[in-house]
Every structure is written in structure tokens, then in C-alpha cells.
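Chain by chain, the residues:
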Amino acid sequence: MMHEQNSNLSAEELKKKAYLEALKLSKSGVDREIIYARLEKQGIPGEIIEDVIKNLSIQRKADKIEHLTPFYNIALVRVGIGFAFAVIFYLLSPNQFYIPIGLIVGGIISAFLIKRNMK
């Protein structure tokens, strides 16, 4: 019966229906294989399902990068502040280098971890 309903829909309508259903399933934490199986069970053609799943993956990655970018920028600012403090502390008191080194190393580690999560 689902196949009969879907045969009356145009390719764009099928794609829209598949995308909405896949988005709903994806937000509820369902993985790609289950999304594929559920859409296939609804009579959506495999090539449309693959396009929808690929687009969802791309969107999820873009959302993740957008979410992590401010944290990455803050980590880079910490490195810059660390370098500025290093210069200031070196000019004022050459023996006081622990604070700038902590800021620099902490910023580099934070930036590295955040960048790794962006992939």
C-alpha cells in the first residue's frame, strides 16, 4: 500500500518526505542503517535514500563545526594572550615564566582537541 502511495508522488515530493522522516529519526538518535531500512520500508527508492543520508551527514558535520568554532577561537586567543604575557613577564621579571607557559600550552592543547573533534 505504501508503494502505491509513493508511486503517485513526484521525485521531489519523495525526496522531501524522505528527508523529513530521516531528519526526525536522526534527531531521535537512530543510526544510518536504521534510517535506510525505515525509508526503504516506506517505499522510498534507494538512490533517494542515499542522497538524503549523505545530505544529513554533511549537515550534521557542518552543525558540529559551527558549534565548535567559537571554542577553537577562544583556544587560539589563549595562546595569543600567553605569548603576550610571556613577553611582558620576560621584560619585567625573566624568572616568572610559569603563567605564560601554562596559558600557551593550555591553549595549544585546547585548540588541538577542539580541532580534532571538528573532523
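So, here's what we can say about the structure.

What about the overall build of the protein chain?
Along its length, the protein chain carries five helices and zero strands. A compact globule built from 119 residues would reach a C-alpha radius of gyration of about 14 Å, whereas the protein chain, at 25 Å, exceeds it by more than 25%. In terms of principal-axis extent, the alpha carbons of the protein chain reach across some 80 × 20 × 20 Å. Restricting to contacts in the protein chain with at least 6 residues of sequence separation, those with at least 24 account for 63%. Here the protein chain has roughly 8,700 Å² of accessible surface; of this, 63% comes from carbon and sulfur atoms. Positive and negative side-chain charges in the protein chain, numbering 16 and 12 respectively, have mean positions lying 11 Å apart.

Side note on helix H2 (residues 11-27)
When the terminal C-alpha atoms of H2 are compared, their 24 Å separation across 17 residues agrees well with the 24 Å that a helix rising 1.5 Å per residue should span. What H2 keeps buried is the set Leu 14, Ala 18, Glu 21, Ala 22, Leu 25 and Ser 26. The buried residues of H2 occupy an angular sector of 135° when the element is viewed end-on, so they sit on one face. Exposed residues pointing more than 90 degrees away from the buried face of H2 are listed as Glu 12, Lys 16, Leu 20, Lys 24 and Lys 27. Taken from the residues just after H2, Gly 29 is the one with a positive phi, measuring 95°.

Focus: the nonpolar core
Ranked by size, the top nonpolar core spans 13 residues in total, and within it Ala 18, Ala 22, Ile 35, Leu 39, Ile 44, Ile 48 and Val 52 carry the most contacts. Listing elements by their share of this core, those giving two or more residues are H2, helix H3 (32-41) and helix H4 (46-92). Tallying contributions element by element places H4 first for this core, with five residues. The residues contacting Ile 35, other than those within four sequence positions of it, are Ala 22, Leu 25, Ser 26, Val 30 and Ile 53.

Some remarks on a positive patch on the surface
There is a patch of like positive charges on the surface, built from Lys 61, Lys 64, Lys 115 and Lys 119. Summarising the element assignment, Lys 61 is placed in helix H4. Its relative accessible area of 43% is what places Lys 61 among the partly exposed residues.

Calculation notes
- Residues numbered from 1 in each chain as written.
- Predicted model: local features only at pLDDT ≥ 70, side-chain atom pairs only at ≥ 80, totals over all residues.
- Heavy atoms only, no water.
- Helix = DSSP H or I, 4+ residues; strand = E, 2+ residues; numbered from the N terminus.
- Rg over C-alpha atoms; globule rule 2.2 N^0.38 Å.
- Contact = heavy atoms within 4.5 Å.
- Areas by Shrake-Rupley, 256 points an atom, 1.4 Å probe, with all protein chains shown as cover.
- Lys, Arg positive; Asp, Glu negative; His and termini not counted.
- Charge placed at Lys NZ, Arg CZ, Asp CG, Glu CD.
- Expected span 1.5 Å × (residues − 1).
- Buried < 20%, exposed > 50% of the residue type's maximum accessible area, 1.4 Å probe, protein only.
- Arc of directions from axis to C-beta.
- Core = buried A, V, L, I, M, F, W, Y, C linked by side-chain atoms within 4.5 Å.
- Patch = residues over 30% accessible without salt bridge, like charges linked within 9 Å, V, L, I, M, F, W, Y side chains within 5 Å.
- Salt bridge = Lys/Arg side-chain N within 4 Å of Asp/Glu carboxyl O.

Nothing here speaks to function; it is all geometry.
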